[in-house]
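Chains, contacts and geometry: an overview
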Amino acid sequence: SKVRRMEPCLDVISFELLAVVMIIHTLIANTELPKHVHLHTAEELLETRYVMLDKVNLCSDSLSLGRNLLIAIKTAPVNYHQRDILRQTWLVDVIRYQIPYIFVLGFPVNRQILDELLIEDKVHDDLLIGMPVDDYFNLTLKGIFLLAWTRTYCPARWLLYVDDDILLNVEY
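Throughout what follows, the structure given in this document is the object of discussion. None of the values given here were measured: they were computed from a predicted structure.

1. Details of the state of the cysteines
If you walk through the whole model with that rule in mind, you get 1 disulfide. Between Cys59 and Cys154 runs a disulfide, and the two sulfur atoms are separated by 1.8 Å. Across the disulfide from Cys59 to Cys154, rotation about the S-S bond amounts to roughly 85°, and the bridge is consequently right-handed. Taken together, the positions of Cys59 in helix H3 (residues 58–63) and Cys154 in the loop between helix H7 (139–153) and strand S6 (158–163) put the pair 95 residues apart, joining distant regions of the chain. The two residues Cys59 and Cys154 agree in class, both being buried.

Structure representation (structure tokens):
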């Protein structure tokens, strides 16, 4: 896979978010944070503009059907089992109603896991992988990445952002 920069509206989002992060950084600079917590740097924020594995046409097909919802499922690279359970349960109804969905991941640091994800995506075609490293303490970056991607490729939509450990009643 080739790393690609998303276009066109992400520069505005990134600079607005960068400004907010810098303000927050200034406000809490004198506050002592736990060792495992760090303020995201400008470089980390800018990484949210890059995609490792993309789904640029995900919403275009469903727009013609009048579908105004995108379901994005936050998941970790190693959570194969959770993704498969969702594909066998409530995602069956999502597919039946032709609602677009994606699993959102950050970049795995382990090459073997990345290779397994690429194979999984060839089978299911439902993974979106961003450039920020997938880590619990980077969930903010994963969220920013998803919002930027959605704004670029699925504008004027409702976004339902859920974890991979929930059950959803699609009909309601």
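Back to the text.
2. Focus: the nonpolar core
What tends to happen in soluble globular proteins is that the nonpolar side chains get buried as a cluster. Counting residues in hydrophobic clusters, the biggest one holds 18 residues, and the most contacted among them are Ile71, Ile73, Trp90, Leu91, Val94, Tyr101 and Phe103. Of all elements in the fold, only strand S2 (50–53), strand S3 (69–74), helix H5 (90–96), strand S4 (101–107), helix H6 (111–124) and strand S5 (127–133) reach the threshold of two or more residues within this core. For Val94, the residues in contact, after removing those within four places along its chain, are Ile71, Ile99, Tyr101 and Val170. Formed by 12 residues, the second largest nonpolar core is a distinct cluster that contains Ile102, Val104, Leu128 and Cys154.

3. Some thoughts on the environment of His124
On the secondary structure map, His124 appears in helix H6. Its relative accessible area of 32% is what places His124 among the partly exposed residues. Placed 37 residues apart in sequence, His124 and Arg87 show a C-alpha to C-alpha distance of 9.1 Å. Ignoring sequence-local partners within four residues, the contact set of His124 consists of Asp84 and Arg87.

4. Observations concerning the pattern of salt bridges
A side chain of one charge can pair with a side chain of the opposite charge when the charged atoms of the two come close. Counting across every chain of the model gives 10 salt bridges. Where salt bridges share partners, they join Arg83, Asp84, Arg87, Glu120 and Asp126 into one cluster.

Conventions used here
Residues numbered from 1 in each chain as written. Predicted model: local features only at pLDDT ≥ 70, side-chain atom pairs only at ≥ 80, totals over all residues. Heavy atoms only, no water. Disulfide = S-S within 2.5 Å. Helix = DSSP H or I, 4+ residues; strand = E, 2+ residues; numbered from the N terminus. Buried < 20%, exposed > 50% of the residue type's maximum accessible area, 1.4 Å probe, protein only. Core = buried A, V, L, I, M, F, W, Y, C linked by side-chain atoms within 4.5 Å. Contact = heavy atoms within 4.5 Å. Salt bridge = Lys/Arg side-chain N within 4 Å of Asp/Glu carboxyl O.

Geometry only, nothing functional implied.
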